[in-house]
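# Close look at the chain arrangement
Here is how the chains run, residue by residue.
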Amino acid sequence: MTSAAKSAVNSAVTEGMDRMDRDRFPVDEWRLVEKRFSLDDVGVTETLFALGNGYLGLRGNHPEGRHAHEHGTFINGFHEVFPIRHAEQAYGFAEVGQTIINAPDAKVMRVFVDDEPLSFDVADVREYERALDMRTGIMTRHVRWMTPSGKDVVIDFERMVSFEEKHLAVMRVTVTVLNADAPVTISSQLLNRQDGEDVYGGTAPGKAKAGFDPRKAEKIHDRVLQPQEYWQDGSRSALSYRVTESGMTISLVADHLIETENEYSARTSVEPDIAKNVFRVQAKAGVPVTVTKLVSYHTSRGVPARELVDRGRRTLDRVEAEGVQTQFDRQAAWMAAFWDRSDVVIGGHPDLQQATRWCLFQLAQAAARADGQGVPAKGVSGSGYSGHYFWDTEIYVLPFLIYSTPQWARNALRMRYLMLPAARKRAAQLNEAGALFPWRTINGEEASAYYAAGTAQYHINADVSFALGKYVRATGDDEFLYREGVDIAVETARLWTTLGFWRYNEDGAPEVFHIHGVTGPDEYTTVVNDNLFTNVMARYNLRFAARVVREMAVEAPEQYALMVDRLGLGEGEADAWEAAAEALHIPYSEGLGIHPQDAVFLEREVWDLEHTLPEQRPLLLHFHPLVIYRYQVLKQADVVLALYLQGNHFTDEEKLADFEYYDPLTTGDSTLSAVVQAILAAEVGYQDLALQYFSQSIFVDLGDLHHNAADGVHVASAGGVWTALVAGFGGMRDHYGELSFDPRLPADWPLLSFPLNWQGTALQVTVTADELVVDANGGEAVTFSVRGTKYTIEPDSAVTVPLQGQGPVISGRPTLSDIGESLREDGTLLSASIPTMTTSIPVITGTTPVVDPAHHEEHGNLGIDS
């Protein structure tokens, strides 16, 4: 390890932990607070202050309805379809794309004083604070505005998306003119922004009628939302639509409650794409006016829009009968219960505490009321990734759901079960048995147009099966496993038996099982043979399926018989799965002492990331895929992810060697990478580096580290933050269905405390420098181990385990020079370079690397100390 590398890591840990402007966003452990308005990063703050419940999401747009990066209202699963046009069509390519629709916008509540609107680009704002309170689930905004005529106006705004009432959003604005009588107008609107409507009742400048997303505009040339029923009745307004191609329907019904001692009148107007409820108030000095807006959204895959309007009416009738304050009280109670079973406490670091709670709150907003839908990559906070579901859910989000709120995890897994019919068709289309889950989807059909980094990622089958196994182990929910989950296990296992193939020995006996032509998690390396991650996870999938069907035959014979009949399970299938699993080829290089990422990965040239210029990152935006594919360079953790998920199948020495080889080759261009690297860095001993990676993860959105937070929350990264805390620093593992701990508490953290729900028993685990304490609240006795020693905790008791240190400690970070003078299997020396149009000449060992700025070229032997 070079002194420069050590210094860089230590500096990053001590100075780079907090990535936020703390004058504008002060530290508050339970709130995200903005003290100063800015138009410069409005897209990022729209994401940071977004509200959602897993079904309905409202971006953090200001109620004035202007100056937005994306005026976004999103409903999980509400989508349009379009034909994917390939430049060169081939059999089996995805044919129908899906994209989330920007649902009609109900956030607009414009305020006028003396008929002049509050507009932040020109307003004289004397006081400003916007806050997302994670204890109550409510976003508030306080503004004190001095109008050009000298009116001193206070505008307080509240917004809530209900967790209890899935279809409900509540908005409330209070306007008080402090120093004079003045006419005040509050204009509440419903807008179809998807098809171009704006607050002025016309097409927004620069926006195509096809929608808000230019990627969709190229594919959808006509209207997306076809008007159905629309009306106004007193203070209520309704709009409803049918989606042109997908046939989905949507309705939103809004009602308005006004409270004031001032005189006022109300005006209404409605058209197919805009409805207005306008309140004209003769405001007296110091006398407030409050307008509360209740909005109900309903969607369906086929129910007529008129029926959805009726449902919206019933929702509002019920809410108004119960009272608006009741909704706020229920929200606070819901949040209190959520934090009881979810809160992770980091002692002595309020900035990290705030960021952790923000990430956990995002997971609730993405998953709580998904109710059988998936968890989109951006939740319901933005249109990024077109609202699609990926493997992110199973690998990065479900662990948190499983150990905090198992019902949400079960709902997400049922989404995969419901996709099985489409997955079977997709497998058959690719000449495989069983089922193949889509790489990206909303409706269950494959929507990835680029097969090399999409469909070829067959590992999604094993990822889903792995999440199912983790869920069942942690919850003991055999009922779900035997009734529906087993179908997932069987059909995914069947795919591996036909996708893979046997190699035979000279006697004609099957010897090794291989899987060729696949892509692993690292999308900078595609369509390879024997990808280690894929093979390791497929091995798990095959073993899991064999074990489940055999257990069912003994423990649940009636359900087993139904399953055999339903799936046509053959007598020898479980044996075939197990045989393939035992013989699966796991690549290993004796010469380098590491696991190659795939069969030919080590034959590629090494990309010199240490000397790649910052303006060339991320690589995918600056180099053609074919250039990247020729190098040993990773977009995200691949082998290292396998080391974590299936860590019980690798030795400590193998984990260290693999981590030290792959870490310098990993760009971190994916937000999914740093959390995994943090976990393995902590485990193998690079504890300062683990903290650096954790910092990158926890501030991905809050610090806009990848410059794309405006597209929506990185939900998988938020889930990975929980895993980095609990599994990385808390050292929790659940291999073989056994709970264990081997903590790696950072040196300057006084404590780390987190709850776990283990098979119905609520545990609270607290780690300090000298001990680990487990408290049990009710439930049954739980057996766990700490660094190999077993303990049993009884209900309503505590167990304290002394700790001798926090595991191995290695300073600095691995570098390319640490691989120095290593030889490939063919005896040639590993060397590093950066792609360039000039001829490359290898640098002799021991010379100093030379950077040619004109060509961005760097060549050098890996043994060079840089």
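This section reports on the structure supplied with the text. All values reported here derive from a predicted model rather than from experimental measurement.

Next up on the list: a negative patch on the surface. Together, Glu-590, Glu-603, Glu-825 and Asp-826 give the surface a local cluster of negative charge. Relative to the helices and strands, Asp-826 resides in the loop between β33 (798–802) and β34 (831–833). Of the residues examined, Asp-826 reaches a relative accessible area of 58% and is grouped as exposed.

Orientation of helix α18 (residues 673–684) relative to helix α19 (residues 687–698), taken along the N-to-C sense of each, is 160°, at an axis distance of 8 Å. On the basis of their axis angle, the class for α18 and α19 is roughly antiparallel. Where α18 crosses over α19, the two elements pack in a sense that is left-handed. From α18, Ala-674, Val-675, Gln-677, Ala-678, Ala-681 and Ala-682 reach across to α19, where they touch Gln-687, Leu-689, Ala-690, Tyr-693, Phe-694, Gln-696 and Ser-697.

This part takes up the sheet that holds strand β32 (residues 789–793). Spatial strand order, β26-β27-β31-β32: four strands in an open sheet with mixed pairing. The open sheet terminates on both sides in strands that have one partner only, identified here as β26 (732–733) and β32.

In a regular helix each residue adds 1.5 Å, so 17 residues correspond to 24 Å; helix α10 (residues 459–475) covers 24 Å between its end C-alpha atoms and thus fits that length. The element α10 is largely enclosed, with a buried count of 17 among its 17 residues. The first or second residue beyond α10 is Gly-476, which carries a positive phi of 70°.

Let us look at the pattern of salt bridges. Counted by the stated rule, this structure contains 57 salt bridges. Across the pair Glu-64 and Arg-141 runs a salt bridge whose closest N-O atoms are separated by 2.8 Å. Of this pair, Glu-64 sits in the loop between β3 (56–58) and β4 (73–75) while Arg-141 sits in strand β10 (residues 138–146), and the two are 77 residues apart along the sequence. On the basis of relative accessibility, which here comes to 6%, the residue Glu-64 falls in the buried class. Among the ionic pairs, Glu-683 bridges to Arg-733, the shortest N-O distance being 2.9 Å. In this pair, Glu-683 sits in helix α18 while Arg-733 sits in strand β26, placing the two residues 50 residues apart along the sequence. Accessibility assignment for this pair places Glu-683 and Arg-733 in one class, buried. Because the salt bridges share partners, they merge into one network encompassing Arg-410, Arg-414, Asp-477, Glu-479, Arg-483 and Glu-484.

Turning our attention to the environment of His-62. Relative to the helices and strands, His-62 is located in the loop between β3 and β4. In the structure, His-62 is positioned 19 residues away from Val-81 in sequence and 30 Å away in space, judged by C-alpha atoms. Setting aside residues up to four positions removed in sequence, His-62 forms contacts with Phe-37, Phe-120, Tyr-128, Arg-130, Arg-141 and Arg-159.

Before going further, it helps to spend a moment on the side chain of Asn-461. Take Asn-461: it is sitting in helix α10. Look at Asn-461 and you get buried, because its relative accessible area is 0%. Apart from residues no more than four positions distant in its own chain, Asn-461 is found in contact with Ala-435, Leu-436, Phe-437, Thr-492, Leu-495, Trp-496 and Asn-541.

Once that is clear, we can look at the packing of α10 against helix α11 (residues 478–499). Where α10 meets α11, the closest approach of the two axes is 10 Å, and the angle between their N-to-C directions is 155°. The angle between α10 and α11 places the two elements in the roughly antiparallel class. In the crossing of α10 with α11, the sense of the turn from one axis to the other is left-handed. Between α10 and α11, the residues in contact are His-459, Asn-461, Ala-462, Val-464, Ser-465, Leu-468, Tyr-471 and Val-472 and Asp-478, Phe-480, Leu-481, Gly-485, Ile-488, Ala-489, Thr-492, Leu-495 and Trp-496, respectively. Looking at side-chain class alone, the contact of α10 with α11 contains 11 nonpolar, five polar and one charged residues.

Each value, and the rule that gives it
- Residues numbered from 1 in each chain as written.
- Predicted model: local features only at pLDDT ≥ 70, side-chain atom pairs only at ≥ 80, totals over all residues.
- Heavy atoms only, no water.
- Patch = residues over 30% accessible without salt bridge, like charges linked within 9 Å, V, L, I, M, F, W, Y side chains within 5 Å.
- Areas by Shrake-Rupley, 256 points an atom, 1.4 Å probe, with all protein chains shown as cover.
- Salt bridge = Lys/Arg side-chain N within 4 Å of Asp/Glu carboxyl O.
- Lys, Arg positive; Asp, Glu negative; His and termini not counted.
- Charge placed at Lys NZ, Arg CZ, Asp CG, Glu CD.
- Helix = DSSP H or I, 4+ residues; strand = E, 2+ residues; numbered from the N terminus.
- Buried < 20%, exposed > 50% of the residue type's maximum accessible area, 1.4 Å probe, protein only.
- Axes fitted to C-alpha atoms, helices over the stretch in contact; angles between N-to-C directions.
- Parallel < 35°, antiparallel > 145°, perpendicular 65-115°, else oblique.
- Left-handed = near helix turned anticlockwise from the far one by under 90°.
- Contact = heavy atoms within 4.5 Å.
- Pairing = 2+ DSSP bridges.
- Expected span 1.5 Å × (residues − 1).
- Nonpolar A, V, L, I, M, F, W, Y, C, P; charged D, E, K, R; others polar.

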